[in-house]
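A structural walkthrough
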Amino acid sequence: MGVVPDRIPEGATVLFQEQNPGRHEEEGRRIISYEQGHEVSETCEPQPMIGPTGFQWAHSFLPLAGLDPAEVAVANVLRCRQQTNGVRTDDMPKDADEYAAVVAHCTHAHRRIPASVKMIVAQGEHAWASFDGPRPLDLWRGHLLPGGYRGTPVLATVHIASLRHKPKMNLVTRRDFVKIRDVLDGSWPQTMPPRLDANTCSYETLLAWFKRAIESEYVVIDTEYHPENRQLVLFGMSMPASNHPAPVIQYHWFKDSTQEGRRSDFLYWVRETIRAVPTVFQNVLADMPVLRRNASIDWSDFCRVEDTMQAHAVLWCELPHSFEFMASMDGRYPKVKHLFHEDLDLYNAGDLLDTGSLWEARLDEFTRDPQSRAVYDQQMRVLPHLDRAMEVGLAVDVDKVPPAIIKYQERMEAGLAMCHAYCGWPMNMNSGDQLKAWLYEVEGMPVKKHPETHEVTTNADAVAEMRNRYMLFDARDDEEKMSAEYIGTRVAQGAHPLLEAYVLYARAEHVLSHYLYPLVEAQ
């Protein structure tokens, strides 16, 4: 029992940085199979990743990277199991100072990365942080550490054990493991190609670029602007990299041009291009108002508009749709999203190039799923109308707002009064900690945990489940009949007073803070 040393086979080309050992790793018990749900193990030297998580890693994930478990190096951030009150646990130290001290000790005393290692895979927050990876991991998963670790590429991904409570990340993590092969063979990430400065290039060069763009399957537009007034700063456009050695062209809105009339020439050819070939955006509803305000380009100027975010929302509705997440799955180029303040041109070029990568991935998926393509096309037809509605706003009957505010304030007060009467003390209904303490500690209700974070929670799903234990409710009745009278009737019939009071208070507070108060503040 004690230190679980790293396992570094001779000639290993990939090192997996894990978190900390568990009981199997400490005892030297490698799981080799499962029979009727029970593990079958063999004795071995204590080493990382030989327990349940290691079994899943070796049999379900490493094959995706074309790797043999016996030939890869495996290390942990901490090489010992921690002790709490004399009991060994799989937890990491919770005290920040203690955590920093033990990580520093383990790293200095035990980290050895042999020269044969060509790539490191950092699995989880702790492993990524041990290489000084930027936080949070969610924004870097699927990407490489800038500059690597002493020149060695480091790929960020989640820890396999976390997939038990983050099942949505299973497919994502499998895609990360496939990416390991691409890093090793040098096919990913691709080198950023040259860019063309539309402010300074000759007219002949400008014309040649747009002539090639007009012959492309699509072009991409991305704008950089001041969000407070939508003032354009940088107008970026790209075509598929296979069509031109410098597939990105950028016009700096306020930068002096070497040739007179360059802005007019640039915008003329932009219009000619978007009339001829489809134009792809990542969130067109953000870019179109900027184009309209600064360049007088609107929906009617395009032959067809495509949107990678909308396409991803149709095809992968259960996953995040941010550019960074999508690029971590399908992007071909290094991550540059963190360089907004350091290098705006490179930041914009990265967005343009990987928007193209994302669109090509969506096109491939649409080919295999034509029904989703039909749904996407229908959604795209709605966007110009939605853009118009966002521009002009919604009509509001101002005379009805004050009475509505009073009605929902009265509901909040009624819920608060019911809560205080039941508990016998002025509980803060906005305090999740106080609500958890009363429900789980004072009343001893079964503790509800978030399905992904496993943190104790009193979120809407947890409250709904607890309400149903005392008296079933119909969601439609809740929506249509919610009032102090409705809640009072339910309590009289056996519903739990605090849970009902909380729902009355929380829903009224939500309506006020999200809908009614903003209407007053906007006037």
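In the block above lies the structure referred to throughout.
Let me begin by describing the structure that accompanies this report. (Residues numbered from 1 in each chain as written. Predicted model: local features only at pLDDT ≥ 70, side-chain atom pairs only at ≥ 80, totals over all residues. Heavy atoms only, no water.)

**A closer look at the layout of surface pockets**
Size it by volume and the largest pocket reaches roughly 1,100 Å³. What lines the largest pocket is a set of 36 residues, among which Gln19, His159, Ala161, Ser162 and His165 lie closest to the centre. Broken down by secondary-structure element, the contributors of at least two residues to the lining of the largest pocket are α1 (23-27), α2 (52-61) and α4 (125-130). Residue classes in the lining of the largest pocket are distributed as 9 nonpolar, 15 polar and 12 charged. (1 Å grid on protein atoms, 1.4 Å probe; cavity = no way out; pocket = protein on both sides within 12 Å on 5 of 7 lines; lining within 4 Å. Points joined across faces, edges and corners; volume = space filled by probe spheres on them. Helix = DSSP H or I, 4+ residues; strand = E, 2+ residues; numbered from the N terminus. Nonpolar A, V, L, I, M, F, W, Y, C, P; charged D, E, K, R; others polar.)

**A closer look at the sheet that holds strand β4 (residues 73-76)**
Strand order in the open sheet formed by 4 strands is β4-β1-β7-β8, and the pairing between neighbours is parallel. Strand pairing shows two members of the sheet lacking a second neighbour, β4 and β8 (154-157), which therefore form its edges. This sheet shows a mean twist of 20° between the axes of neighbouring strands, independent of strand direction. Pairing between strand β1 (residues 14-18) and β4: 4 bridges, direction parallel. Paired with Phe16 across the two strands is Val74, which belongs to β4. Sheet contacts for helix α5 (residues 169-185): β1, β7 (119-123) and β8; angle to β8, the most-contacted strand, approximately 170°. (Pairing = 2+ DSSP bridges. Axes fitted to C-alpha atoms, helices over the stretch in contact; angles between N-to-C directions. Contact = heavy atoms within 4.5 Å.)

**Looking at the packing of helix α10 (residues 323-330) against helix α11 (residues 344-368)**
It is the contact of α10 with α11, at a shortest axis distance of 10 Å, that shows an interaxial angle of 65°. For the pair α10 and α11, the crossing hand works out as left-handed. In this structure, α10 contributes Phe323, Met326, Ala327 and Asp330 to the contact, and α11 contributes Gly350, Asp351, Asp354, Thr355, Ser357, Leu358, Ala361 and Arg362. Across the contact of α10 with α11, the residue classes tally to 5 nonpolar, 3 polar and 4 charged. (Left-handed = near helix turned anticlockwise from the far one by under 90°.)

**Comments concerning helix α3 (residues 96-110)**
Taking 1.5 Å per residue as the helical rise, α3 with its 15 residues ought to reach 21 Å, and the 21 Å between its terminal C-alpha atoms agrees with that figure. The backbone nitrogen of Asp97 lies 3.2 Å from a side-chain oxygen of the residue at the head of α3, namely Asp95. (Expected span 1.5 Å × (residues − 1). Polar contact = N/O pair within 3.5 Å; in protein donor to acceptor, adjacent residues only side chain to side chain.)

**Examining the pairing of β7**
The buried fraction of β7 amounts to 5 of the 5 residues, a majority that puts the element mostly inside the structure. A two-sided burial pattern is seen for β7, the buried positions comprising Met119, Val121 and Gln123 on one face and Ile120 and Ala122 on the other. Bridge count for β1 against β7 is 4 bridges, and the pairing is parallel. Looking across to β7, one finds that Val14 is bridged to Met119. One ladder, built from 4 bridges, connects β7 with β8; its direction is parallel. By the bridge assignment, Gln123 is partnered in β8 with Thr157. (Buried < 20%, exposed > 50% of the residue type's maximum accessible area, 1.4 Å probe, protein only.)

**Quick word on the packing of aromatic side chains**
Enumeration according to the criterion identifies 17 aromatic pairs in this entry. Note on Phe16 and Phe177: the rings are 5.9 Å apart at their centroids and 15° apart in plane angle, and the pair reads as stacked. One end of the pair, Phe16, is in strand β1; the other, Phe177, is in helix α5, and 161 residues separate them in sequence. Summarising the burial analysis for this pair, Phe16 and Phe177 share the class buried. For the pair Phe61 and Phe177, a centre-to-centre distance of 5.4 Å together with 55° between the ring planes defines the contact as tilted. With Phe61 in helix α2 and Phe177 in helix α5, this pair connects stretches of sequence that are 116 residues apart. Of the two residues, Phe61 and Phe177, both sit in the buried class. Through pairs of rings, three or more aromatic residues link up here, namely Trp209, Phe210, Phe235, Tyr251, Trp253 and Phe266. (Phe/Tyr/Trp six-rings, centres within 6.5 Å; stacked < 30°, edge-to-face > 60°.)

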